[in-house]
Amino acid sequence: MTAATPGVTPSPISTSLISTLAGSYYTDPAIFAREQEQIFERSWTCVALVADLAATGAFQKVQAGRESVVLVRGRDGALRAFLNVCRHRGAQLCTEETGQLRRNLQCPYHAWTYDLSGKLVAAPNLTSMPDVDRDRYGLLPVHIREWLGYVWICLGDDPPSFEEDVIGEVVTRLGDVGSIERYGVEDLALGRRIRYDVAANWKLIIENFMECYHCATIHPELTEVLPEFAEGYAAQFFVGHGAAFGGDIDGFTVDGSAGADKLPGVSDDQDRRYYAITIKPQVFVNLVPDHVIVHRMTPLAADRTIVECDWLFAPDVVASGRDLDVSVELFHRVNQQDFDACERTQPGMASRAYRDGGVLVPSEHHIGEFHSWLQERLA
Amino acid sequence: MIHVCALADMPRGSARRLPLVPPVSVFHTSDGEFYAIDDTCTHQDASLADGWLEGCEVECPLHAAIFDLRTGEPDGLLARKPVRTHRVLVEADSVYLVLSTPDVMADIGGDELEAAS
């Protein structure tokens, strides 16, 4: 199989089984390059927490597809995104991951200097080049949106509808957008962030998150809290379904003990339940009564993906200094168990045993929709 | 005496570069004072009018050399030579520049100065 002839759309093998993608989809650098170009450089991707960029001059360097992008809070209060490339000779402007700009953005090569709105404000000998248009040689802007307290960017010239592509994913899973709005995610505060460097293709991580066939085998703590997961059907198999806590479980914690108080907007029928949403191509949102967990993926290679996981709590819970370990530990273990499984799977993708792929059982059939989505975009 | 601009066109916190030889910049500080100095940083060719005005100091936009607008003296870290200072007069709702030394050539007319910023 080559990049020029992608495999067939997942097709039924029998009543119970449908086929997966071929192994090369998880290993071939040419397919990965096409995913970067046709998915990650055209879709809305979630790249930063708005609260991390609160102060004027706060900046963060993020990756979208193969492009480096710098996010910066302007003097007018607006958050902007620019391609992280000097317009002069192409040097990377911003080399630190995050920080605070004092005055301007300055290229470390020839000192071309841009203000926080991206305009070229100074350069050596610029005054003797009056024909240089400082707006035309400003930094190149990238489309930007804020939602759920996160920064979303799109590199495409003509971005897809944010309402359809991003908010639409939440509606597809939960049935309506009001269900997520009740958690007030944009008003929550960061309690913990853990960065995972996973030696696996990004699609293995998505596929793993979408199904729960593996839960009883690798997630003992999670299935203790959510007993129905032992049956193998993930919350994402359904629409508007939250997996119920076990009867003797007091909270979404590693030992089932009580967590923080329920978030104020969470309704009674959302209480004591876990909801999960995949916002393709790189975000997972997990909703439980007292906190929200957001995963953001950044694929770096066919066999390497960075996952940043944020645990968000009510601001007063974070400010109180309360020990969040019992809450954080549950999904941190789930993450480690999942990413270990993905890393165990990655080498098999290159095996002749998986040349034509594997199979999806009925509780995994909804992963076939993800494969169709992928192949439509690579076509 | 060179007409710089109408007073209304130079709010506090702003600067105007006059393309004389050498160029001169007029600053209106946040405290309401006017100052004028040679525009070119003595460390590397950059316009101080594009820099950061704070109190009665201006910081070069390129390498953050700081000049005192009252004396033209640099902070000495990068730029070691001072810039010359000039006088500014505000009369009849207009801002005027009086060059400190006659060897500065006011080689362009008032109309062109109006267009410069």
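Basis of the calculations
- Residues numbered from 1 in each chain as written.
- Chains lettered and ligands numbered in written order.
- Predicted model: local features only at pLDDT ≥ 70, side-chain atom pairs only at ≥ 80, totals over all residues.
- Heavy atoms only, no water.
- Pairing = 2+ DSSP bridges.
- Helix = DSSP H or I, 4+ residues; strand = E, 2+ residues; numbered from the N terminus.
- Axes fitted to C-alpha atoms, helices over the stretch in contact; angles between N-to-C directions.
- Disulfide = S-S within 2.5 Å.
- Buried < 20%, exposed > 50% of the residue type's maximum accessible area, 1.4 Å probe, protein only.
- Core = buried A, V, L, I, M, F, W, Y, C linked by side-chain atoms within 4.5 Å.
- Domains from an automatic or database assignment.
- Contact = heavy atoms within 4.5 Å.
- Parallel < 35°, antiparallel > 145°, perpendicular 65-115°, else oblique.
- Nonpolar A, V, L, I, M, F, W, Y, C, P; charged D, E, K, R; others polar.
- Buried area = accessible area lost by both parts, 1.4 Å probe.
- Salt bridge = Lys/Arg side-chain N within 4 Å of Asp/Glu carboxyl O.
- Polar contact = N/O pair within 3.5 Å; in protein donor to acceptor, adjacent residues only side chain to side chain.

S.K.: Could you give an account of the sheet that holds strand 6 (residues 57-59) of chain B, naming the residues involved and the relevant values?
M.R.: The strands making up a sheet are joined through hydrogen bonds of the backbone, oriented either antiparallel or parallel. Residues and elements named next belong to chain B. Strand order across the open sheet formed by 3 strands is 5-6-7, with antiparallel pairing between neighbours. Each edge of the sheet is formed by a strand with only one pairing partner; in this case those strands are strand 5 (52-54) and strand 7 (66-68). Here the strands of the sheet are splayed against their neighbours by 25° on average, with no regard to which way each runs. When strand 5 meets strand 6, the two strands line up antiparallel, connected through 3 bridges.

S.K.: Provide a residue-level description of the state of the cysteines, including the pertinent values.
M.R.: Note: disulfide means a covalent bond formed between the sulfur atoms of two cysteine side chains. Residue and element names in this part refer to chain A. Tallied over the full model, the rule gives 1 disulfide over all chains. With a sulfur-sulfur separation of 2.0 Å, C212 is cross-linked through a disulfide to C215. Torsion about the S-S bond of the C212 and C215 cystine: about -105°, corresponding to left-handed handedness. Taken individually, C212 and C215 each receive the classification buried, so the pair is uniform in this respect. C309 provides the cysteine sulfur closest to C46, a residue in no disulfide bond, and the two sulfurs are 12 Å apart. Here C86 is not disulfide-linked; the sulfur of C107 is the nearest cysteine sulfur, at 4.0 Å.

S.K.: Can you explain the nonpolar core? Please cite residues and give values.
M.R.: In globular proteins that are soluble, nonpolar side chains generally tend to be buried together. All names here are of chain A. W152, W202, F252 and Y274 are the most contacted members of the largest nonpolar core, which totals 87 residues. The element best represented in this core is helix 8 (residues 325-349), accounting for 7 residues. Taken domain by domain, this core gets at least three of its residues from each of domain 1 (18-40 + 187-378) and domain 2 (45-154). Look past the residues within four positions of W202 in its chain and what remains in contact with it is F32, E35, I39, F40, P281, M297, P299, T305, F370, W373 and L374.

S.K.: Please provide a residue-by-residue account of the packing of helix 1 (residues 29-40) of chain A against helix 9 (residues 367-378) of chain A, values included.
M.R.: Residue and element names in this part refer to chain A. Viewed as axis vectors pointing N to C, helix 1 and helix 9 meet at an angle of 85°, and their least axial separation amounts to 9 Å. The orientation of helix 1 relative to helix 9 falls into the category roughly perpendicular. Of the residues in helix 9, those touching helix 1 at I31, R34, E35, Q38 and I39 are W373, L374, R377 and L378. The residue makeup of the contact of helix 1 with helix 9, split by class, is 5 nonpolar, 1 polar and 3 charged.

S.K.: Account for the interface of chain A and chain B, naming residues and giving values.
M.R.: On the side of chain B, 12 residues touch chain A, which itself brings 15 residues to the contact. For the chain A and chain B pair, buried surface summed over both sides reaches about 1,100 Å², with 43% attributable to carbon and sulfur atoms. Counting the surface chain A buries against chain B, the share from its top three residues, A:R103, A:P124 and A:T127, is 43%. Along the contact surface separating chain A from chain B lie 4 salt bridges. Residue A:R102 pairs with B:E59 through a salt bridge whose shortest N-O separation is 2.5 Å. In this assembly, chain A and chain B are joined by 6 residue pairs in polar contact (both at pLDDT 80 or more). Considering only residue class, the side of chain A that touches chain B consists of 5 nonpolar, 6 polar and 4 charged.

S.K.: Can you explain helix 1 of chain A? Please cite residues and give values.
M.R.: Residue and element names in this part refer to chain A. Every buried residue of helix 1 is accounted for by I31, F32, R34, E35, Q36, Q38, I39 and F40. As for helix 1, its buried residues are in contact with strand 2 (45-49), strand 3 (58-64), helix 4 (202-210), strand 16 (291-301) and helix 9. Backbone nitrogen of A30 and a side-chain oxygen of the N-cap are separated by 2.8 Å at the start of helix 1; the cap is D28.

S.K.: Could you give an account of the environment of B:E91, naming the residues involved and the relevant values?
M.R.: With respect to the helices and strands, B:E91 occurs in strand 8 (residues 85-91). Spatially, the C-alpha atom of B:E91 lies 9.6 Å from that of B:A6, the residues being 85 residues apart in sequence.

S.K.: Could you give an account of the pattern of salt bridges, with specific residues and numbers?
M.R.: For the structure shown, the criterion picks out 22 salt bridges over all chains. Residues participating in the shared-partner salt-bridge network are A:D52, A:R193, A:R296, A:E308 and A:D310.

S.K.: Now, about the side chain of A:E35: what can you tell me, with residues and values included?
M.R.: Residue and element names in this part refer to chain A. Tracing the backbone shows E35 in helix 1. The buried category is assigned to E35, whose relative accessible area is 0%. A polar atom in the side chain of E35 sits 2.8 Å from the side chain of W202. In this structure, E35 is in contact with Y25, F40, W202, K203, L374 and L378, ignoring residues within four places of it in sequence.

S.K.: I'd like a description of the sheet that holds strand 8 (residues 113-114) of chain A, backed by residues and values.
M.R.: All names here are of chain A. If you walk across this open sheet you meet the 3 strands as 7-8-9, and the pairing is antiparallel. Among the strands making up the open sheet, the edge pair consists of strand 7 (105-106) and strand 9 (120-122). Pairing geometry for strand 7 and strand 8, over 2 bridges, is antiparallel. Bridging across to strand 8, Q106 finds its partner in T113.

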